[in-house]
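Inside the fold
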Amino acid sequence: MAQLTDDCFAFSGPLMPLADMEKLIVERVQPVSETETVSLNEARGRVIAEDTASHINLPPFDNSAVDGYAVRHRDLAASGETKLKVAGRLTAGKSSEPLEPHQAVRIFTGAPMPAGADTVFMQEDVQTDGGTVILPSGLKLGSNRRLAGEDVKKGAVVLPAGRRLAAQDIALAAGIGLTTLKVRRRVRVALFSTGDEIVEPGSARPDAATYDANRYLLIGMLERLGAAVTDLGIIRDEPASLAKAIGDAAKNHDLVLTSGGVSTGEADYVRDAVEKVGKLVFWRVAIKPGRPVAMGVIGGAAFMGLPGNPVAAFVR
């Protein structure tokens with residue numbers, strides 16, 4: 001008795017290894033090269049187009065890392081406590097006169113270090129006596145002082161070309177005073193589902209039909225990658241209509257993405273439609289689920305045909 005096939009993904013013929021598929025995509029698909037300048041609020045998730053260097057140091061000036069007392073380290077006693085006159089009070093955003101010898105300044109976190117001061121005692125470690133402060137011994141030169149350029153040196157590249165910008169990158173750009181960034185244009189993707197058996201959610205559903213979940217899945221995944229998606233809805237299983245829809249979409253998009261119609265069934269028309277308006281590069285790939293996945297080139301646009309099964313489309 002012949003062995004019957006119990007694998008719904010089994011097809012005759014060889015399957016393309018994933019590594020070969022990835023190589024073909026790199027060879028056949030050109031990355032988007034056009035750029036645009038956007039505001040910082042529009043830049044998150046975009047790919048920066050050029051190395052971006054800082055024109056300032058971060059921090060821009062020496063400042064205190066703690067609330068305490070700024071002193072000249074050379075004024076401290078070699079052993080035992082040191083008592084210094086408190087010459088003033090310095091908060092963040094304010095500046096002061098140079099620190100005179102044998103004096104201290106009450107200073108707060110983020111305030112610029114007075115000229116001459118090089119060390120800060122934490123307020124928890126000292127004692128005060130009227131207009132003086134009593135400092136314990138043992139604190140190293142430069143303690144609790146943040147140096148200008150300690151985080152970022154002026155001229156250093158802070159955002160290298162090709163980075164997809166996250167919230168922390170936008171914050172860094174703002175921190176060095178930028179208001180705009182040059183980014184790559186978004187990849188334009190035309191998306192539609194195919195098949196007589198699927199209908200739009202919210203519409204009447206015939207007994208033999210299912211609601212289209214794939215477009216909503218793929219829109220979410222594409223937008224998460226930063227693509228600009230054009231939702232073209234559902235295209236029915238009619239060869240001429242499929243070929244026209246795919247060809248028209250390729251004229252003003254970088255990628256045409258479909259789901260359904262790329263398997264071996266008699267009503268799977270998408271592969272033939274692609275070959276009428278472009279060139280099919282590969283079809284079946286060694287992945288399960290998701291073997292019936294097609295890639296092609298239509299003029300200057302790429303084409304990718306995903307399986308109709310939502311899980312298989314998600315995996316691919």
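Residues numbered from 1 in each chain as written. Predicted model: local features only at pLDDT ≥ 70, side-chain atom pairs only at ≥ 80, totals over all residues. Heavy atoms only, no water.

**Digging into the overall build of the protein**
- Counting its secondary structure elements, the protein contains seven helices and 20 strands.
- Sorting the 316 residues of the protein into buried and exposed places 41% on the buried side.
- Here the analysis covers contacts within the protein between residues at least 6 apart in sequence; of these, 69% occur between residues at least 24 apart. (Helix = DSSP H or I, 4+ residues; strand = E, 2+ residues; numbered from the N terminus. Buried < 20%, exposed > 50% of the residue type's maximum accessible area, 1.4 Å probe, protein only. Contact = heavy atoms within 4.5 Å.)

**A few points about the sheet that holds strand S6 (residues 103–107)**
- With mixed pairing, six strands are arranged side by side in an open sheet as S7-S4-S6-S5-S9-S8. Of all the strands in the sheet, just strand S7 (119–122) and strand S8 (127–129) have a single pairing partner and so form its edges. The mean angle between the axes of side-by-side strands here comes to 40°, regardless of whether they run parallel or antiparallel.
- Across four bridges, strand S4 (residues 68–71) lies against S7 in antiparallel orientation. The residue bridging Gly68 from the neighbouring strand is Met122, located in S7. (Pairing = 2+ DSSP bridges. Axes fitted to C-alpha atoms, helices over the stretch in contact; angles between N-to-C directions.)

**Structural notes on the side chain of Ser54**
- Tracing the backbone shows Ser54 in the loop between strand S2 (52–53) and strand S3 (63–64).
- With relative accessibility at 2%, the residue Ser54 sits in the buried group.
- In this structure the side chain of Ser54 is engaged in a polar contact, spanning 2.6 Å, whose partner is the backbone oxygen of Ile56.
- Not counting residues up to four positions away in its chain, the partners in contact with Ser54 are Val152, Lys153, Lys154, Gly155, Ala156, Val158 and Ile176. (Polar contact = N/O pair within 3.5 Å; in protein donor to acceptor, adjacent residues only side chain to side chain.)

**Remarks on the layout of surface pockets**
- By volume, the largest pocket amounts to about 1,200 Å³.
- If you list the elements that add at least two residues to the lining of the largest pocket, you get helix H1 (18–28), helix H4 (214–224), strand S17 (255–259), strand S19 (292–298) and strand S20 (301–306).
- Considering every element that reaches the lining of the largest pocket, the biggest residue donor is S20, with five residues.
- Each residue belonging to the lining of the largest pocket can be placed in one class, and the counts come to 25 nonpolar, five polar and nine charged. (1 Å grid on protein atoms, 1.4 Å probe; cavity = no way out; pocket = protein on both sides within 12 Å on 5 of 7 lines; lining within 4 Å. Points joined across faces, edges and corners; volume = space filled by probe spheres on them. Nonpolar A, V, L, I, M, F, W, Y, C, P; charged D, E, K, R; others polar.)

**Some thoughts on a nonpolar patch on the surface**
- A cluster of nonpolar residues, Val311, Phe314 and Val315, forms a patch on the protein surface that exposes about 280 Å² of accessible area.
- Relative to the assigned elements, Phe314 resides in helix H7 (residues 310–315).
- By relative accessible area, which is 49% here, Phe314 ends up partly exposed. (Patch = residues over 30% accessible without salt bridge, like charges linked within 9 Å, V, L, I, M, F, W, Y side chains within 5 Å. Areas by Shrake-Rupley, 256 points an atom, 1.4 Å probe, with all protein chains shown as cover. Salt bridge = Lys/Arg side-chain N within 4 Å of Asp/Glu carboxyl O.)

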